[in-house]
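# Coordinate analysis (summary)
Residue-level listing of the chains:
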Amino acid sequence: MGQTLPKPALRPFLPADAPVLAAIFAAAIEELTAEDYSEAQREAWASAADDEEKFGKRLAGELTLIATLQNSPVGFASLKGADHIDMLYVHPGATGQGVASMLCDALEKLAGGRGAKSLTVDASDNAQEFFVKRGYVARQRNTVTVNGEWLANTTMQKSLASDASKGGDTMSRERLYLFDTTLRDGAQTNGVDFTLHDKRLIAEMLDDLGIDYVEGGYPGANPTDTEFFSQKPKLDHAIFTAFGMTRRPGRSASNDPGLAGLLEAKADAICFVAKSSAYQVRVALETTNEENLASIRDSVKAAKAAGREVMLDCEHFFDGYKENSGFALACAKAAYESGARWVVLCDTNGGTLQFAAAYYDFNHIVGKQNTYEPTQTGGQPLDFTAPPYLQKGNTVFDIRNTSDQTQNLFALASEYKELEALVEADYKVSPKYRLGFYADFVKNLGYNTTDVSARYGAYVAPRVKGYQSELSFGPI
Amino acid sequence: MNRFATWRTFVGYRYLQRDAVIDAFTDQDYHLGGTDAKGYYPRFRLQLYEADLMRVRYMAFDAIDGPPLAIDTWQLDVNARF
């Protein structure tokens with residue numbers, strides 16, 4: 001077994017912790033700030049903890065968290081009011097283990113929970129880099145006088161807008177969120193045609209399976225999806241999500257019927273799709289990069305304002321990143337900064353190729369010849385072997401023993417064991433056009449020429465193959 | 001797909017011998033249903049905001065082995081939303 005580093009943990013402050021925290025406070029100032037502050041300055045600064053009782057009261061008067069390593073306190077941080085970090089200190093022996101980050105993460109969440117829009121801190125010079133990395137921006141330079149010593153620090157501020165929008169959700173890196181697209185992507189599969197009832201049932205089943213997000217479809221794309229979104233299905237915990245495009249170029253968000261339909265949909269979340277490749281924006285959307293970014297921002301903001309959780313699918317992200325990384329990232333950032341909770345980097349590629357095979361074995365499908373004469377009482381007991389519905393084409397035979405043709409009853413003469421294989425391909429032939437190909441082959445392996453000919457009363461050659469192929473062309 | 005309107009055009013060929021599959025379960029549009037049919041079917045689809053607005057399909061089918069039976073079908077499907 002390899003040795004693993006102990007992980008820091010958090011717990012709230014208790015009055016009995018004051019002496020330990022005072023020691024951490026003094027040690028941190030003494031050993032970690034020497035590069036930026038003189039000995040006299042450090043002494044004056046650390047004197048704040050000389051009176052342990054007073055120091056304990058200060059900690060108790062704020063929301064103080066303690067970070068521990070193997071149950072021993074190694075750092076602490078306190079939140080003053082809703083939006084100010086008063087203290088954040090880590091013992092010099094425990095630095096570099098993510099303790100400060102963990103404390104800071106927690107305070108940011110707590111501040112968000114208290115409704116703060118931003119968080120400030122008066123950072124000492126040695127801590128400034130840490131806060132900059134976490135997204136804090138310097139606002140003003142301050143000087144404070146402690147015990148006759150002059151000390152400088154910097155007021156730094158971080159906007160919590162995007163974090164606060166997460167609604168105090170306990171996000172953790174270990175949690176994997178599942179987003180299911182069966183009701184949209186799945187519905188685009190050849191041969192699949194969900195009814196409204198199907199969609200409701202599938203959504204409920206996905207919810208039972210524990211899926212976090214159930215994408216219901218594209219309201220406005222077809223009558224079924226529109227109706228599906230007119231009423232929220234009964235889901236226990238899954239977040240019901242509508243899919244759609246960001247506002248069209250050259251239109252305001254409030255004047256785009258597609259976006260309006262999406263906002264009207266009875267869904268908890270909206271997943272937007274937008275292009276994040278400069279090339280696609282220019283060629284397929286025929287608009288400018290700036291307009292594309294504005295479309296993302298406006299749409300995300302509009303959805304956010306309508307109270308929806310928002311996510312953005314960045315189409316063509318990887319191709320786009322290779323071509324113009326700045327723009328691809330700007331698309332993702334525009335969504336995030338406008339309040340999107342999720343930004344999905346999509347590897348949209350030029351084509352698809354799919355194969356599928358199926359085998360259908362039908363039992364009790366062959367008709368059975370009645371052995372009674374029609375005039376006998378008891379009649380025709382095997383009439384049920386004739387199918388109630390036939391179209392035309394299959395080899396059939398009369399299962400009634402009669403020469404009276406008006407009394408004939410036809411049933412299938414062959415077994416059916418159908419083996420089917422299909423291939424479907426879709427290629428982008430140019431940035432604007434797509435070429436599709438589909439081919440389907442089928443063969444009935446159940447056909448036995450001798451048996452069929454015997455039932456039919458004459459030789460019936462095997463005609464058991466079929467195929468269908470289709471070529472399609474159109475804009476992407 | 002991000003356009004106001006988009007279209008797609010198709011051309012297909014279908015060839016289905018009489019005992020390849022159960023005729024009762026075949027698509028009722030080609031040769032008006034059943035097996036023992038072969039033919040071409042060009043089709044065209046016009047979409048508005050990804051919703052089908054109009055579909056046109058022509059299907060020219062003949063019997064393969066059975067007595068001559070040619071069935072040519074035009075289909076026009078128009079959708080509207082209010």
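Fair warning: this is a prediction, and the values are worked out from it, not measured in the lab.

The next point concerns the overall build of chain A. When you go through chain A residue by residue, the secondary structure sums to 14 helices and 19 strands. Looking at chain A as a whole, 36% of its 476 residues are labelled buried. Considering only residue pairs separated by 6 or more positions, chain A has 68% of its internal contacts joining residues 24 or more positions apart.

With that out of the way, let us pick up the overall build of chain B. When helices and strands are tallied, chain B shows zero helices and four strands. Along chain B, helices and strands appear, N-terminal first, in the series β-β-β-β. Taken over 82 residues, chain B has a buried fraction of 29%. Across chain B, every contact between residues at least 6 apart in sequence was considered, and the portion connecting residues at least 24 apart equals 47%.

All names here are of chain A. The strand order across the open sheet formed by six strands is S8-S9-S10-S11-S12-S13, and the pairing between neighbours is parallel. The open sheet terminates on both sides in strands that have one partner only, identified here as strand S8 (179–180) and strand S13 (342–345). Taken strand by strand, helix H11 (residues 289–305) contacts strand S11 (269–275) and strand S12 (309–315), and its axis lies near 175 degrees from that of S11.

On the chain A side, the residues contacting the 33 residues of chain B number 39 residues. A per-element tally of the side of chain B that touches chain A places strand S1 (residues 5–16) of chain B first, with eleven residues. The class makeup of the residues in the side of chain B that touches chain A is 14 nonpolar, nine polar and ten charged. Pairing of strand S19 (residues 465–475) of chain A with S1(B), which is carried by eight bridges, proceeds in the antiparallel orientation. Each residue of the ladder has a partner; that of Phe473(A), found in S1(B), is Thr9(B).

A word on helix H2 (residues 39–46) of chain A. All names here are of chain A. All of the buried residues along H2 are Gln 41, Arg 42, Ala 44 and Trp 45. Mapping the buried residues of H2 onto a view down its axis gives an arc of 165 degrees, with all of them on the same face. In H2, the exposed positions that point more than 90 degrees away from the buried face belong to Glu 39 and Ala 40. In this fold, the buried residues of H2 make contact with helix H1 (18–32), strand S6 (137–146) and strand S7 (149–159).

This brings us to the packing of H11(A) against helix H13 (residues 325–337) of chain A. Residues and elements named next belong to chain A. In contact at an axis separation of 8 Å, H11 and H13 are set at 20 degrees when each is read in the N-to-C sense. Between H11 and H13, the crossing angle belongs to the class labelled roughly parallel. Crossing angle aside, the handedness with which H11 passes H13 is right-handed. Counting all contacts with H11, which are made through Asn 289, Asn 292, Leu 293, Ile 296, Arg 297 and Val 300, the residues of H13 involved are Phe 327, Ala 330, Cys 331, Ala 334 and Ala 335.

So, about the environment of Ala18(A). Residue and element names in this part refer to chain A. Structurally, Ala 18 is set in helix H1. When the 21 C-beta atoms within 10 Å are taken as the criterion, Ala 18 is described as buried. In this structure the C-alpha to C-alpha distance between Ala 18 and Arg 58, which are 40 residues apart in sequence, comes to 9.7 Å. Apart from the residues within four sequence positions on either side, Ala 18 is in contact with Glu 52, Phe 55, Gly 56 and Leu 59.

A separate point is the sheet that holds S6(A). Residue and element names in this part refer to chain A. In spatial order, the strands read S1-S2-S3-S4-S5-S7-S6; together these seven strands make up an open sheet with mixed pairing. A single partner strand is all that each edge strand has here, and the edge strands are strand S1 (9–12) and S6. Taking each pair of neighbouring strands and ignoring which way they run, the sheet shows an average axis angle of 30 degrees. Of the strand pairs in this sheet, strand S5 (residues 118–123) and S7 are connected by six bridges, and their pairing is antiparallel. Along S7, the bridge assignment pairs Val 121 with Met 156. Contacts between helix H4 (residues 99–113) and the sheet are confined to S1, strand S2 (63–69), strand S3 (72–80), strand S4 (84–90) and S5, with S3 contributing the most and set at about 30 degrees to the helix.

Our next topic: the packing of H1(A) against H2(A). When two helices pack together, their arrangement is given by the angle between their axes and by how far apart the axes lie. Residues and elements named next belong to chain A. Relative orientation of the contacting elements H1 and H2 amounts to 165 degrees, with a least axis distance of 9 Å. Overall, the two elements H1 and H2 adopt an arrangement that is roughly antiparallel. In this structure, H1 meets H2 at a crossing whose hand is right-handed. Judged by residue contacts, Phe 25, Ala 26, Ile 29 and Glu 30 of H1 engage Arg 42, Trp 45 and Ala 46 from H2.

This brings us to the confidence of the model for chain A. Per-residue confidence for chain A gives a mean pLDDT of 87, with 93% of residues at or over 70. Confidence drops under a pLDDT of 50 for residues 163–172 of chain A, and excluding neighbours within four residues, the segment shows ten contacts in the predicted structure.

Moving on, we get to the environment of Asp256(A). Residue and element names in this part refer to chain A. With respect to the secondary-structure elements, Asp 256 resides in the loop between strand S10 (239–245) and helix H9 (257–264). Each C-alpha atom, one on Asp 256 and one on Ser 299, is 9.9 Å from the other, the two residues being 43 residues apart in sequence. Residues in contact with Asp 256, not counting those within four places in the same chain, are Arg 247, Arg 248 and Arg 251.

A few words now on H11(A). Residues and elements named next belong to chain A. Look at H11: 24 Å from first C-alpha to last across 17 residues, which is about the 24 Å you get at 1.5 Å a residue. Taken together, the buried positions of H11 are Asn 292, Leu 293, Ser 295, Ile 296, Arg 297, Asp 298, Ser 299, Val 300, Ala 302 and Ala 303. The elements touched by buried residues of H11 are H9, S11, helix H10 (278–283), S12 and H13. Downstream of H11 by a residue or two, Gly 307 has a phi angle that is positive, lying close to 85 degrees.

Time to look at unusual backbone geometry. Residue and element names in this part refer to chain A. The phi dihedral of Asn 71 is positive, around 75 degrees, even though this residue is not glycine. Considering the arrangement of structural elements, one finds Asn 71 in the loop between S2 and S3. Overall, Asn 71 belongs to the exposed group, with 8 C-beta atoms counted inside 10 Å. At His 316, a position not held by glycine, the phi torsion is positive, near 55 degrees. Structurally, the position occupied by His 316 is in the loop between S12 and helix H12 (317–323). By C-beta crowding, His 316 is classed as buried, having 25 other C-beta atoms within 10 Å.

Cut-offs used in this document
Each chain carries its own residue numbering, running from 1 in the written order of its sequence. Working convention: letters from A go to chains and numbers from 1 go to ligands, in the order in which they are written. Per-residue local features are limited, in this predicted model, to residues with pLDDT of at least 70; the limit for side-chain atom pairs, both in listing and counting, is 80 or more; totals at the level of whole chains, interfaces and linings are taken over all residues. Helix and strand assignments come from DSSP, with helices taken as H or I runs of at least 4 residues and strands as E runs of at least 2, each series counted from the N terminus. Exposure classification rests on a simple neighbour count of other C-beta atoms within 10 Å of a residue's own: a residue reaching 20 or more is buried, one at 12 or fewer is exposed, and one in between is partly exposed. C-beta atoms are placed from the backbone. We call two residues in contact whenever the C-beta atoms placed from their backbones are within 7 Å. Two strands pair under a simple rule: DSSP has to find at least two bridges between them. Orientation is described by lines fitted to C-alpha atoms, with helices fitted over the stretch in contact, and by angles between N-to-C directions that extend from 0 to 180 degrees. Only Asp, Glu, Lys and Arg are considered charged in this grouping, and only Ala, Val, Leu, Ile, Met, Phe, Trp, Tyr, Cys and Pro are considered nonpolar; every other residue, Gly among them, is considered polar. Here, the arc refers to the directions that run from the helix axis to the C-beta atoms. Geometric relationships in this document are graded by angle, where less than 35 degrees denotes roughly parallel, more than 145 denotes roughly antiparallel, 65 to 115 denotes roughly perpendicular, and other angles denote oblique. In this scheme the handedness of a crossing depends on how the near helix is turned from the far one: anticlockwise by less than a right angle means left-handed, clockwise means right-handed. Known as pLDDT, the predictor's per-residue confidence is scaled from 0 to 100. By definition here, a helix of n residues has an expected span of 1.5 Å times n minus one.

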